[in-house]
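Chain by chain, the residues:
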Amino acid sequence: MKITVSHKEDMKFEAKTAKSSFIIDCPTISPIEYFLSGLITCSTTDIVLIPKNQGKTVTDLVVDGEVVRSESHPCKFNTLHLTYNFNSDGDDITAARWV
């Protein structure tokens, strides 16, 4: 995988992948917020694809992420807590396995 990020103007950057491109508009959304959004999206794609492969459906999927970061540099993630909320035609035990 290759991603290229180039400066456009002010605090705007363009990220290009082999498939698409998008604008990163700092400080409207910080790079760390983009990073966290990417992590959460990675996880949520599994919550859609795994049930689909099992002949089940997921609807109304919302994942909330809460991060606690160090206050001093480096401002690493100390904890990341994700809360998954969704409806499905799968039973509760199966749905818990998807998460």
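Source: prediction; values computed, not measured. (Residues numbered from 1 in each chain as written. Predicted model: local features only at pLDDT ≥ 70, side-chain atom pairs only at ≥ 80, totals over all residues. Heavy atoms only, no water.)

**Student:** Which parts of the structure should I look at to understand the overall build of the protein?
**Tutor:** Helix and strand counts for the protein come out as two helices and five strands. Along the chain direction, N to C, the helices and strands of the protein fall in the order β-β-β-α-β-β-α. In terms of overall dimensions, the protein has a C-alpha envelope of 50 × 35 × 25 Å along the principal axes. When the 99 residues of the protein are sorted by exposure, 18% land in the buried category. Counting every atom, the protein has about 7,600 Å² of accessible surface; 55% of that belongs to carbon and sulfur. Between the centroid of the 10 positive side chains of the protein and the centroid of its 13 negative side chains there is a distance of 10 Å. (Helix = DSSP H or I, 4+ residues; strand = E, 2+ residues; numbered from the N terminus. Buried < 20%, exposed > 50% of the residue type's maximum accessible area, 1.4 Å probe, protein only. Areas by Shrake-Rupley, 256 points an atom, 1.4 Å probe, with all protein chains shown as cover. Lys, Arg positive; Asp, Glu negative; His and termini not counted. Charge placed at Lys NZ, Arg CZ, Asp CG, Glu CD.)

**Student:** I would appreciate a short explanation of the pattern of salt bridges in the present structure.
**Tutor:** Oppositely charged side chains are able to pair whenever their charged atoms sit close together. Under the definition given, this model contains one salt bridge. Linking K8 and E14 is a salt bridge whose minimum nitrogen-to-oxygen distance equals 3.4 Å. (Salt bridge = Lys/Arg side-chain N within 4 Å of Asp/Glu carboxyl O.)

**Student:** What exactly am I supposed to notice about a nonpolar patch on the surface here?
**Tutor:** A surface patch of nonpolar side chains, amounting to about 330 Å² of accessible area, comprises I32, F35, L39 and L80. Per element, the largest residue contribution to the nonpolar patch is three residues, and it comes from helix 1 (residues 31-53). In this fold, I32 is placed in helix 1. A relative accessible area of 30% places I32 in the partly exposed class. (Patch = residues over 30% accessible without salt bridge, like charges linked within 9 Å, V, L, I, M, F, W, Y side chains within 5 Å.)

**Student:** Would you explain the pairing of strand 1 (residues 4-9) in this entry?
**Tutor:** Alignment of strand 1 against strand 2 (residues 12-16), held across five bridges, turns out to be antiparallel. Across the sheet, V5 pairs through a bridge with A15, a residue of strand 2. The antiparallel hairpin formed by strand 1 and strand 2 contains two residues in its connecting segment, where D10 sits at a positive phi of about 45°. (Pairing = 2+ DSSP bridges.)

**Student:** Would you mind showing me how to read the side chain of T44 here?
**Tutor:** Among the secondary structure elements, T44 is positioned in helix 1. With a relative accessible area of 16%, T44 lands in the buried category. Of note is the side chain of T44, whose polar atom sits 2.9 Å from the backbone oxygen of T41. With residues near it in sequence (within four places) discarded, T44 still touches L61 and V63. (Polar contact = N/O pair within 3.5 Å; in protein donor to acceptor, adjacent residues only side chain to side chain. Contact = heavy atoms within 4.5 Å.)

**Student:** Help me out: how do you make sense of the sheet that holds strand 3 (residues 21-25) in this one?
**Tutor:** Pairing between the strands of a sheet comes from backbone hydrogen bonds, and it takes one of two forms, parallel or antiparallel. Strand order in the open sheet made by the three strands is 1-2-3, with antiparallel pairing throughout. Of all the strands in the sheet, the pair left with one neighbour each is strand 1 and strand 3. Recorded for the sheet is a direction-independent mean angle of 25° between the axes of neighbouring strands. (Axes fitted to C-alpha atoms, helices over the stretch in contact; angles between N-to-C directions.)

Honestly, it's all geometry; don't read function into it.
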